Amino acid sequence: REPCTPPTAFSCASFKMHPTMVVSSFSRLFLISCVAQRHIASSPVQAFFASNQVPTIPLHQMHHRRLSSSAVAATTSTRDDGDAFRILCLHGKGGNGEEFLKRLLPLRSLLDDRLADEKNKSDDVFARNTSIKWEALTAPYQISGSDDAYAWWTMSPGVRSFNADEYIGFDKSASNVMNAVFPNNDSSTTATECSYDLILGHSQGAILLSALLATNIDLQRSNCSYILNGAAWPNPYGKALMSLPVQQSQHEMKKDTKMLFVMGKSDNINPIESAKQVHDCYQAAGLDVSIVYHEGGHSVPNGGDVDSERALEDVCDFILQAVSGKAKE
């Protein structure tokens, strides 16, 4: 098993300092029925990954209210969500849970269409009965001067998450997320049942997710899948990331845990070289990790062009594979 190497150095001066927001289009997706080519890339050292397909969600109108730091925004794809596939979304710096769910509408809309296609062409019980429930947490720290912009932690001026020595307030954010993921966990025992099937993090939310998975045994042993969009090296928790191969042997970290990294080749906020370092550490630990590249920047692919549509299809494939895996459990 190849060791995980520490990240290369990045200069703060080479990046713009502004709150990270997901930039996505609200225009209607023009979906193509056939994607000419999938670009799910994996490491040359270890070839992991299977193809996927995906479920979906009707576009319910969101409530226009301000979210508190502990609020959860939620929307469901069907009327009965008792056995729904549950997705938790963690927004980037400068966003909030409700706003992030709106930004994910292109992905959710495509998932709806893909699931509808599955139901029309399949007699599979999985396809007929599948539903998805989306939820999103809002970070606890309100950004000064804004009523609806939040962050998962704060840092000194001029410092970035990939080179910060400390994430001020990280513990509170970590507690909020873990309480949502393991709501019935007794602190005296190890949690076994994760309340979500997939966690999707963007930017600071993806950095938070990568740090939690590197430091939390409950997450490491859960059946959850993960999508990290626009991630960067979580510097204060870098040693934990680099020790993942050791943790895997000590804590029986699930080797079949699936992680998808979504990387924009034009991302000048969190460059893909930093995200690849995170990817390599999880790959070194033996997890089933893969990458979807797109030509865009620091955003969730929105289907605005052929390349972005292709990336959305690949993300949908990953989610549907996770849904199918849950149905077979």
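Data block above holds the structure.
Notes on the structure follow. Keep in mind the model is a prediction, meaning the values are calculated, not measured.

## Quick word on the overall build of the chain
Link 1 in the chain: Looking only at helices and strands, the chain features 10 helices and 10 strands.
Link 2 in the chain: Relative to its 329 residues, the chain shows a buried fraction of 56%.
Link 3 in the chain: In the chain, 80% of the contacts between residues at least 6 apart in sequence involve partners at least 24 apart.

## A short note on helix α4 (residues 170-181)
Link 1 in the chain: Helix length check: α4 (12 residues) gives 16 Å between terminal C-alpha atoms against 16 Å at 1.5 Å per residue, within 8%.
Link 2 in the chain: In this structure, the buried residues of α4 make contact with β3 (85-90), β4 (132-137), β5 (141-142), β7 (198-202), α5 (204-215) and α6 (217-221).

## Re the packing of aromatic side chains
Aromatic rings in a pair are described by how distant their centres are and how their planes are angled relative to each other.
Link 1 in the chain: Per the stated rule, a full pass over the model turns up 5 aromatic pairs.
Link 2 in the chain: Between the aromatic rings of Trp153 and Tyr167, the centroid separation amounts to 4.1 Å while the plane-to-plane angle is 5°, which identifies the pairing as stacked. Taken together, the positions of Trp153 in the loop between β6 (150-151) and α4 and Tyr167 in the loop between β6 and α4 put the pair 14 residues apart, joining distant regions of the chain.
Link 3 in the chain: When its relative accessible area of 1% is taken as the criterion, Trp153 is described as buried.

## Focus on the environment of Gly97
Link 1 in the chain: Examined against the element boundaries, Gly97 turns out to sit in helix α1 (residues 97-103).
Link 2 in the chain: C-alpha of Gly97 to C-alpha of Thr138: the two residues are 41 residues apart in sequence and 4.5 Å apart in space.

## Description of the environment of Asp83
Link 1 in the chain: Topologically, Asp83 is positioned in the loop between β2 (72-76) and β3.
Link 2 in the chain: For the pair formed by Asp83 and Ile132, sequence separation is 49 residues and the distance between their alpha carbons is 8.9 Å.

## Considering helix α9 (residues 272-284)
Link 1 in the chain: The terminal C-alpha atoms of α9, which comprises 13 residues, lie 18 Å apart, in line with the 18 Å expected from a rise of 1.5 Å per residue.
Link 2 in the chain: Within α9, 10 of the 13 residues are buried, which leaves it mostly tucked inside the rest of the structure.
Link 3 in the chain: Regarding α9, the residues found buried are Ile272, Ser274, Ala275, Gln277, Val278, His279, Cys281, Tyr282, Gln283 and Ala284.

## Details of unusual backbone geometry
Link 1 in the chain: Not every positive phi belongs to a glycine, and Ser203 is a case in point at roughly 55°.
Link 2 in the chain: With respect to the secondary-structure elements, Ser203 resides in the loop between β7 and α5.
Link 3 in the chain: For Ser203, a relative accessible area of 2% translates into the label buried.

## Brief notes about the packing of α4 against α5
Link 1 in the chain: For the pair α4 and α5, the least separation of the axes is 11 Å and the interaxial angle reads 80°. Regarding the angle of α4 to α5, the classification is roughly perpendicular. Note on element contacts: α5 touches α4 through Leu208, Ala211 and Leu212, opposite Phe170, Ala174, Val177 and Met178.
Link 2 in the chain: Considering only residue class, the contact of α4 with α5 consists of 7 nonpolar, no polar and no charged.

## Brief notes about the side chain of Asp267
Link 1 in the chain: Considering the arrangement of structural elements, one finds Asp267 in the loop between β9 (258-264) and α9.
Link 2 in the chain: Notably, Asp267 is buried but unbridged: the nearest opposite-charge side chain belongs to Arg160, and the N-O separation is 7.1 Å.
Link 3 in the chain: For Asp267, the side chain forms a polar contact with the main-chain nitrogen of Asn270, separated by 2.9 Å.
Link 4 in the chain: Aside from chain neighbours lying at most four places away, what touches Asp267 is Gly230, Gly296, Gly297 and His298.

## Side note on the pairing of β3
Link 1 in the chain: Here β3 lies mainly inside the structure; 5 of its 6 residues are buried.
Link 2 in the chain: As judged from the 6 bridges shared by β3 and β4, these two strands associate in the parallel manner. Within β4, the residue paired with Phe85 across the bridge is Ile132.
Link 3 in the chain: The pairing of β3 with β7 spans 4 bridges and is classified as parallel. Bridge pairing in β7 places Leu90 opposite Gly201.

## Digging into the state of the cysteines
Link 1 in the chain: Counted by the stated rule, this structure contains 0 disulfides.
Link 2 in the chain: Free of any disulfide, Cys194 has its nearest cysteine sulfur in Cys224, 4.2 Å distant.

Definitions and limits used
- Residues numbered from 1 in each chain as written.
- Predicted model: local features only at pLDDT ≥ 70, side-chain atom pairs only at ≥ 80, totals over all residues.
- Heavy atoms only, no water.
- Helix = DSSP H or I, 4+ residues; strand = E, 2+ residues; numbered from the N terminus.
- Buried < 20%, exposed > 50% of the residue type's maximum accessible area, 1.4 Å probe, protein only.
- Contact = heavy atoms within 4.5 Å.
- Expected span 1.5 Å × (residues − 1).
- Phe/Tyr/Trp six-rings, centres within 6.5 Å; stacked < 30°, edge-to-face > 60°.
- Axes fitted to C-alpha atoms, helices over the stretch in contact; angles between N-to-C directions.
- Parallel < 35°, antiparallel > 145°, perpendicular 65-115°, else oblique.
- Nonpolar A, V, L, I, M, F, W, Y, C, P; charged D, E, K, R; others polar.
- Lys, Arg positive; Asp, Glu negative; His and termini not counted.
- Salt bridge = Lys/Arg side-chain N within 4 Å of Asp/Glu carboxyl O.
- Polar contact = N/O pair within 3.5 Å; in protein donor to acceptor, adjacent residues only side chain to side chain.
- Pairing = 2+ DSSP bridges.
- Disulfide = S-S within 2.5 Å.

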